[in-house]
Amino acid sequence: MKTVTIYTSAMCGFCHAAKRLLTQKDIAFDEIDVGFSPDKRQEMMARAHGRHTVPQIFVGDTHVGGCDDLFDLERSGKLDPLLAGAA
């Protein structure tokens, strides 16, 4: 199983939805709150090719995108293979 990293902020409903999906799938993730950390936000933006909204989600080194992108992968059946490293 690849490591999942999710950049979030506390008051973000999309962040909570993405974390809820991962939790329901029993997927452990590293959460990085960028709300009060300009350095972490810059790190996120560099990894996410300039995207500045949260959440930004990574599976290993693969940039998934935001909450909608995560749910699109789940609906299309592509999330589990990505997590397993087959994608």
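Residues numbered from 1 in each chain as written. Predicted model: local features only at pLDDT ≥ 70, side-chain atom pairs only at ≥ 80, totals over all residues. Heavy atoms only, no water.

## Looking at the sheet that holds strand S2 (residues 30-33)
Now for step 1: Pairing is mixed across the open sheet formed by four strands, whose spatial order is S2-S1-S3-S4. Taken across any chain shown, the strands that pair with only one partner, and hence form the sheet edges, are S2 and strand S4 (62-65). The mean angle between the axes of side-by-side strands here comes to 20 degrees, regardless of whether they run parallel or antiparallel.
Now for step 2: By the bridge criterion, four bridges tie strand S1 (residues 4-8) to strand S3 (residues 56-59) in an arrangement that is antiparallel. (Pairing = 2+ DSSP bridges. Helix = DSSP H or I, 4+ residues; strand = E, 2+ residues; numbered from the N terminus. Axes fitted to C-alpha atoms, helices over the stretch in contact; angles between N-to-C directions.)

## Re the pairing of S1
Now for step 1: In terms of burial, S1 is a largely internal element, five of the five residues being buried.
Now for step 2: Side chains Val-4, Ile-6 and Thr-8 of S1 all project onto a buried face; the interleaved residues Thr-5 and Tyr-7 project onto the opposite face, where all are buried too.
Now for step 3: As paired strands, S1 and S2 are joined by four bridges and run parallel to one another. Bridge assignment links Ile-6 to a residue of S2, and that residue is Glu-31.
Now for step 4: Each parallel crossover has a hand, and the one from S1 via helix H1 (residues 13-24) to S2 is right-handed. (Buried < 20%, exposed > 50% of the residue type's maximum accessible area, 1.4 Å probe, protein only. Right-handed = clockwise from strand over helix to strand, strands pointing away.)

## Focus on the pattern of salt bridges
Now for step 1: Enumeration over the complete set of coordinates arrives at six salt bridges.
Now for step 2: Salt-bridge contacts for Asp-80 lead to Lys-25; the nearest nitrogen and oxygen are separated by 2.8 Å. Here Asp-80 is found in helix H4 (residues 79-84), whereas its partner Lys-25 is found in the loop between H1 and S2, with 55 residues between them in sequence.
Now for step 3: With a relative accessible area of 44%, Asp-80 lands in the partly exposed category.
Now for step 4: Taking the shortest distance from any N to any O, the salt bridge between Glu-43 and Lys-40 comes out at 3.4 Å. With Glu-43 and Lys-40 both in helix H2 (residues 38-47) and three residues apart, the pair spans about one turn of that helix.
Now for step 5: Beyond isolated ion pairs, a larger network of salt bridges with shared partners links Lys-25, Glu-74 and Asp-80. (Salt bridge = Lys/Arg side-chain N within 4 Å of Asp/Glu carboxyl O.)

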